[in-house]
Amino acid sequence: MTPVVPAPMAKQPMAKQGAVSSAVPSDGADLISGLSDDLLLHVLGFLPAATGCRDMVRTSALSRRWRHLWKRVPALRFASGEDVAPADGRRFNAVVGAVLGRRLDAGAGARVEALEISTAYWPGRVLVDAWLRLAAAHVAGTFALVVAPPPPHPGRDQQLLGELPATTSAAALRLSLGHATLQLPAAAAFRELAELSLFNVALAPGQGGRLGALLSSPCCPRLRRVSLEVLSGLPELRLEAAGALESLELAFLLDLRRLHVDAGALRVLRIRGCFAWTEEAARAGSVAIVRAPALVELACPRTRGTELLELGGGCPRVRRLGPVCIRSHLLPWCDPGENDFAVELLRRCTAAHRLHVCLEVPPRDLLYLEEDVMAEIPDLSHVTDLTVEVSSPGCHAFGASVANLLARCINLRRLRVDIVDAMEFRRKPPCLREHCACDAPSSWRDERMALPHLREAAFVGFAACYHLAPLLLAGAPGLDRRR
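Residues numbered from 1 in each chain as written. Predicted model: local features only at pLDDT ≥ 70, side-chain atom pairs only at ≥ 80, totals over all residues. Heavy atoms only, no water.

Asks: Report on the sheet that holds strand β15 (residues 309-312), specifying residues and quantitative values.
Replies: With parallel pairing, the four strands of this open sheet are ordered in space as β9-β11-β13-β15. At either end of the open sheet lies a strand with only one pairing partner, and these are β9 (236-241) and β15. For this sheet, the mean inter-axis angle between neighbouring strands, taken without regard to orientation, is 10 degrees. In the sheet, strand β11 (residues 258-263) pairs with strand β13 (residues 288-291) via four bridges, with the strands oriented parallel. When the sheet's bridge partners are listed, His 260 is paired in β13 with Ile 289. (Pairing = 2+ DSSP bridges. Helix = DSSP H or I, 4+ residues; strand = E, 2+ residues; numbered from the N terminus. Axes fitted to C-alpha atoms, helices over the stretch in contact; angles between N-to-C directions.)

Asks: Summarise the confidence of the model for the protein; cite the residues concerned and give the values.
Replies: Parts of the model with low pLDDT should not have their predicted coordinates read in detail. Here the protein averages 76 in pLDDT, while 67% of its residues score no lower than 70. Low pLDDT, under 50, characterises residues 4-24; the predicted model gives this stretch two contacts beyond four residues in sequence or across chains. (pLDDT = per-residue confidence, 0-100. Contact = heavy atoms within 4.5 Å.)

Asks: Can you tell me about the packing of helix α4 (residues 86-104) against helix α5 (residues 125-138), naming the residues and giving the values?
Replies: Direction vectors running N to C along α4 and α5 enclose 30 degrees, while the axes themselves pass 12 Å from each other. One element, α4, and the other, α5, form an angle in the roughly parallel class. Seen from above, α4 lies across α5 with left-handed handedness. Within the contact between the two elements, α4 uses Asn 93, Val 96, Gly 97, Leu 100 and Leu 104 and α5 uses Leu 127, Trp 131, Leu 134 and His 138. Of the residues contributing to the contact of α4 with α5, the split by class is six nonpolar, three polar and no charged. (Parallel < 35°, antiparallel > 145°, perpendicular 65-115°, else oblique. Left-handed = near helix turned anticlockwise from the far one by under 90°. Nonpolar A, V, L, I, M, F, W, Y, C, P; charged D, E, K, R; others polar.)

Asks: Give me the nonpolar core: which residues, what numbers.
Replies: Counting 113 residues, the largest nonpolar core has Leu 115, Leu 145 and Leu 386 as the members making the most contacts within it. Here Leu 145 is in contact with Ile 117, Val 128, Trp 131, Leu 132, Arg 174, Leu 175, Ser 176 and Leu 177, once residues within four sequence places are set aside. (Core = buried A, V, L, I, M, F, W, Y, C linked by side-chain atoms within 4.5 Å. Buried < 20%, exposed > 50% of the residue type's maximum accessible area, 1.4 Å probe, protein only.)

Asks: Which residues make up the pairing of β9, and what values do they have?
Replies: Within a regular strand, the side chains alternate between the two sheet faces. Side chains of β9 alternate between two faces, with Leu 237, Leu 239 and Ala 241 buried and Glu 236, Arg 238 and Glu 240 left unburied. As judged from the six bridges shared by β9 and β11, these two strands associate in the parallel manner. Within β11, the residue paired with Leu 239 across the bridge is Val 261.

The structure is reproduced here in structure tokens:
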């Protein structure tokens, strides 16, 4: 009888199986708990904000080793998500308070590198005020707080949050308070603060004048970046930052009537939607005085009152300019000097190589347009990167205005033309009114556009600006990328 010899097993699969079995102990030993505390804390830091803190606390039930480990995690992040039910929102806010309370019970280990709280349900004045005080005492890095607007309560001041702490060891504060009211301390010392962002905040009545003092060098010697957006109750801002402040962004400060900034190290300045322009302010002269000799980026779109901005020392180092808003034509009732501020910026920023222009074409329901004012634009041969954002809600022609602008930028290398109202041009025919100034001079289509250095061109809303393409193709022989 012939013996049956079993077929030999493949060697490669056996090698893989042996490798796996050797990596996993047969006795089920816990290798994770053998890791160092620092490594485990690093792993816990990767838990997502939506569920991370809840799961982090749950690890305390794993073993004695894990019971208090979560209290030493360097970053705590809470996020409720959007459109939560009121009951879920209240439960979330309660969990945040409970977790932070247990963290404080850890004593010396309660210090936090980063604390971020984002809730879609108004947590109440007491809880928010407690979070602010906790962050001031225990956060060493970044504290970010985003809360939903408080519900309306007629006759009751439920929106008051209390007072911003007078001291903090945090390096960055980012507060978005749903336009609730925030009191400012009479004096403060933010020695470590390098970044401050206030969004959607109402300053307590009569305290707007304190903000500038709090942000100046004596109180914030290390402050580098400031962003103030959608603030009310701020009629005047005086900011004196001798050597640290590098970036300042002011947006939609509608109560602002006076601005004074003296910052020798300021490199970035962005102003939009600011200034409560009044005839009294116009008669008084400049509503804004900025002394920033190191400025390299300036953005100041048209705002009523922006024409009263005075830039002390000029703009000798500005490399990036815009957006700058320019009207292609003046309306019959407009101030003849409405473009003066934009033109003056273009004339003074002769070192700017990157320019963003918002070209505003008047509405179509007007019977006619006044004369073209693009002739006031100075030579822009120093510009190599140009973005033109065209707004023509009435479908007036804008090709002549854009061509006029491009004729001044003979050293362009990159061009982007963005038609904001591109869909409007698809629904309505272009302006065909006889003698309308929007397409003047009519000879612009026959003129040769000289852009010998242009290498890249992009058009957003091409159907509305197709008539510019032949001119670019003919005048830019080196164009190698077009979109």
